[in-house]
Each structure stands twice: as C-alpha cells, then as structure tokens.
Amino acid sequence: MEQWQRDIKDSIDDVETLEKVLGVPADAVREIVKEYPIRITPHVLKTIKKKGDAIWKQVVPSLSEGEEDLSCASGDPLHEEEDSPVPNLVHRYPDRALLFVTNQCPIYCRFCTRKRFVGSPGTLTPAELKQVIDYISAHTEIRDIILSGGDPLMVVDMLLERVLSALRTIPHLKIIRIGTRVPGSLPSRITENLCLMLKKYHPLYMNLHFNHPDEITPEVATACGRLADAGIPLGSQTVLLDGVNDDPDTMKRLMQNLLSIRVKPYYIYQADLVRGTHHFRTRVEKGLKIISALRGHTSGMAVPHYVIDAPNGGGKVAILPQETLLYMDENEVVVQNYEGKQFQYPQAKQAPAVGARSPRPYSMVPFHTD
Ligand SMILES: *Cc1c(COP(=O)(O)O)cnc(C)c1O
C-alpha cells in the first residue's frame, strides 16, 4: 500500500471518529452523513486551527445540510444528467466534454455540486470507458476532455493510465484536463511515479480546487511543484463560500499564494443551487467586489474569471464588474481604472466595408456610474 492509500485509510470517515477527534456529537450528524458521506484526510485535519474556521466549514457536516431550502431544492441544478449522452459523460458545450472517472474524493466538500452521488462506491468500468471512447470518437467536434468525478486522482495509477491512454487513441481530442482537489488535500498522492505517468499524455492541463489560503501548506507546495515540473500547466478553481472566503482580503491572499506555488487562478464560482448547500451561498455583489479588489490592485496573473454556472444547464457565464467601461460611441470610449480615475480613449476610424452603403451605426453602451 502506498502512503496516500494509508492516508485515506487514516482519514476521518465516520461520525464516531468525528466526535472523538473534533468533538462533533455523533448523534447530531448521523443522519446527514448517511446521505452525504464525510472524509477528512490527516493533512486537512492538521490545517483545521479551530472549531468553525474556514477549513472546518468545508469538511465538517452541519445540521444546515438537512434543512429544506426552496432556492436549493435540486440534486442536479446544472442538469448534468440531461446533458449526458452516455453514462459518466456530460456533453454540454460544442467542443469539450466532462468525464466522471470515479465517485471517490479525498475529502467530501460540504458544498459539493455533485453531492447527489459523490462518496458512493463506483469507478468507471472497462465497458463504460469503451462507451465513452466510442461516443467521443464519433463526435469529431470534441477537442477537449475534462476528467472529473469525484476526483480522478483517487484511482490508482494503472486505472488512470487506462483512461488516459484510451483517450489518446482519439486523434481529434487535442487537450486533456484533470479537475482535482487531491494536490490540496492529499498531497502524498502526487508521487514521482504519478508524475512520470501523467507526462506521457501531454498536452495535459490540471485545474486544482482551492478555497482558502490556509490550504496552501509546504506539502501542498511540494506536490504542485512536482506537477509543474512534469510540464503540467496548473490552474485553480475556487468556490465563493459564505464565511470561508467571501471577503476581498482572504481571496487576494489565496490568489497570490496560488501564484507563488505555480498555480494560475482560473475560476471563482458563484455557489451552485445544490440541495443541502444553501448555507454556503453569498450574494453576487460580494463576488464583484472581490474581482474589483483584485484587478489592478495585484498581478493580473492573480485575477481569475468570476462565473455563475447558470441553472438548468445554461453553462458558465462570466460576470464582470460594470464600472470599467463607462461610455462608448463611434468616436471614443471612457474607461475607469482601479483607482476610480477616468480616461478617454479614441476609437479607431471605421474602415468602410467593401460594397457597404453607409457604416453601421454604433450602439451606446447603457452603463451607469452610480
Ligand atoms: C465547466 C465545464 C466544462 C469546461 O468549461 P471551461 O469553461 O472550458 O473550463 C465543460 N463541460 C461542462 C459540462 C462543464 O461544466
């Protein structure tokens, strides 16, 4: 057994251990954990400093998960099941698809979008993999596949390699991505052997899940360094969570610390409307404030896209603070920088289109500045 597998064995995954180690009364959360399993790795446990802190909130079950909430009534608010042409594959966007490799995760985030199935046993079978490969082979428009789950790094190297090598038989599939929380929560999984295997399947990208600066420990920095040294470009995905990271200072530290461990911030997500997660939701104004506090105030490299994954399968929509482009007409635009200072920028003259009678009129951008 490898160290990472021992770490999984040594994780908190039942209410009795949870009570013993963290003092959460087992009887209070027993029913919740039956529906939504727990797992807290020894590494993550070490990063909990006190009851109710940012790490605790993400992994320790709370009674709020059992509350009914009308805004979060669905198990599958993104309609992933409706956009699934074959089991374990979600094909929503024209040129890319999402593949669920396993239901297992290193930790079970209490706000998970896929609370409906994570934690139950189950890993892609050879027959299911074949169906997926057949579908992607027949759909030549798919050029990008994202391995997800669950967490694709929770399967042993041999199984993961079986998936990667099968995908690499498809000529039109240019890019493979892996979405994972493993480097930040089970860093022992990022072994030299894993990296040697992964680097055979370039171009391979990884997006790593991080929500709080306390998650970036020396062990995590080492794990990310190994992946980066294997030539894997690393991005991050963060969920905006009430009481965890919903303030500009925490987010700025997180994004800056990610860059310093060679991870380029990619997305901040508005929380999805998932049953059992309503207590994590924040208002969109908070996300906009965070983006405004980043842009211009720190490295542009540290500024991710802020997105809402639209309910009912609408897909990701980027949300931008609106106070940057104040005015636009055919002659000029007026922009506002991060300090609130305004600047006029002249438009290029429009070249008359060949055969056009008159230039198309520009529309005014209906922005307001209050
Ligand atoms: C997020 C997502 C993708 C990838 O989207 P990008 O914006 O390209 O990162 C692909 N498919 C589904 C179903 C997704 O939810």
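Residues numbered from 1 in each chain as written. Predicted model: local features only at pLDDT ≥ 70, side-chain atom pairs only at ≥ 80, totals over all residues. Heavy atoms only, no water.

This model, assessed by the stated rule, comprises 24 salt bridges. Across the salt bridge formed by R181 and E215, the nearest N and O atoms sit 3.2 Å from each other. Separated by 34 residues along the polypeptide, R181 in the loop between strand 4 (175–180) and helix 8 (182–185) and E215 in the loop between strand 5 (204–209) and helix 10 (218–229) bring together distant segments of the chain. For the pair R181 and E215, a shared accessibility class is recorded, and that class is buried. Here D229 and R262 are joined by a salt bridge, their closest N and O atoms 3.0 Å apart. With a gap of 33 residues between them, D229 in helix 10 and R262 in the loop between helix 11 (248–260) and strand 7 (263–269) connect regions that are remote in the sequence. Look at the salt bridges and you will find they share partners, linking D76, E80, E81, R114 and R116 into a network. (Salt bridge = Lys/Arg side-chain N within 4 Å of Asp/Glu carboxyl O. Helix = DSSP H or I, 4+ residues; strand = E, 2+ residues; numbered from the N terminus. Buried < 20%, exposed > 50% of the residue type's maximum accessible area, 1.4 Å probe, protein only.)

A few words now on the pairing of strand 8 (residues 305–310). With three bridges connecting them, strand 7 and strand 8 associate as parallel partners. Residue pairing across strands places Y269 opposite V307, the latter belonging to strand 8. Judged from the four bridges that link them, strand 8 and strand 9 (residues 315–318) form a sheet pairing that is antiparallel. The residue of strand 9 that forms the bridge with D309 is K316. Once strand 8 ends, the chain turns through four residues before running back antiparallel as strand 9, passing N312 with a positive phi of about 65 degrees. (Pairing = 2+ DSSP bridges.)

Around the ligand sit V90, R92, Y93, R96, L98, I146, R177, Y266, Y267 and K316, and that is every residue in its neighbourhood. R96 is positioned with one of its side-chain polar atoms (N or O) 2.6 Å from an oxygen atom of the ligand. Between the ligand and Y266, the relevant distance is 2.6 Å, taken from an oxygen atom to a side-chain nitrogen or oxygen of the residue. For the shell around the ligand, the secondary-structure elements that each account for two or more residues are strand 1 (89–93), strand 2 (96–102) and strand 7. Per element, the largest residue contribution to the shell around the ligand is three residues, and it comes from strand 1. (Near = heavy atom within 4 Å. Polar contact = N/O pair within 3.5 Å; in protein donor to acceptor, adjacent residues only side chain to side chain.)

Counting 63 residues, the largest nonpolar core has I136, I145, L147 and L198 as the members making the most contacts within it. If we skip the residues at most four places from it in the chain, I136 touches L89, I142, I145, L167, I170, H172 and L173. Within the second largest apolar cluster, 25 residues are counted, among which are V15, V29, I38 and F280. (Core = buried A, V, L, I, M, F, W, Y, C linked by side-chain atoms within 4.5 Å. Contact = heavy atoms within 4.5 Å.)

According to the domain assignment, the chain consists of domain 1 (67–318) and domain 2 (325–363). On a C-alpha basis, the centres of domain 1 and domain 2 stand 38 Å from each other. (Domains from an automatic or database assignment.)

With that settled, consider the sheet that holds strand 10 (residues 325–328). Pairing between sheet strands relies on hydrogen bonds along the backbone, with the strands arranged either parallel or antiparallel. Taken in spatial order, the three strands line up as 10-11-12 in an open sheet, and their pairing is antiparallel. The sheet is open, and its two borders are formed by strand 10 and strand 12 (342–346), each paired with just one other strand. For this sheet, the mean inter-axis angle between neighbouring strands, taken without regard to orientation, is 20 degrees. In terms of strand pairing, strand 10 meets strand 11 (residues 332–336) through three bridges, oriented antiparallel. From the neighbouring strand, Y327 faces strand 11, where its bridge partner is V334. (Axes fitted to C-alpha atoms, helices over the stretch in contact; angles between N-to-C directions.)

Once that is clear, we can look at the sheet that holds strand 8. Pairing within the open sheet is mixed, and its nine strands lie in the order 1-2-3-4-5-6-7-8-9. In the strand order of this sheet, the two ends are held by strand 1 and strand 9, each with one partner. On average, adjacent strands in this sheet sit at an angle of 30 degrees to one another, irrespective of strand direction. In terms of strand pairing, strand 2 meets strand 3 (residues 144–149) through six bridges, oriented parallel. Bridge pairing in strand 3 places T102 opposite G149.

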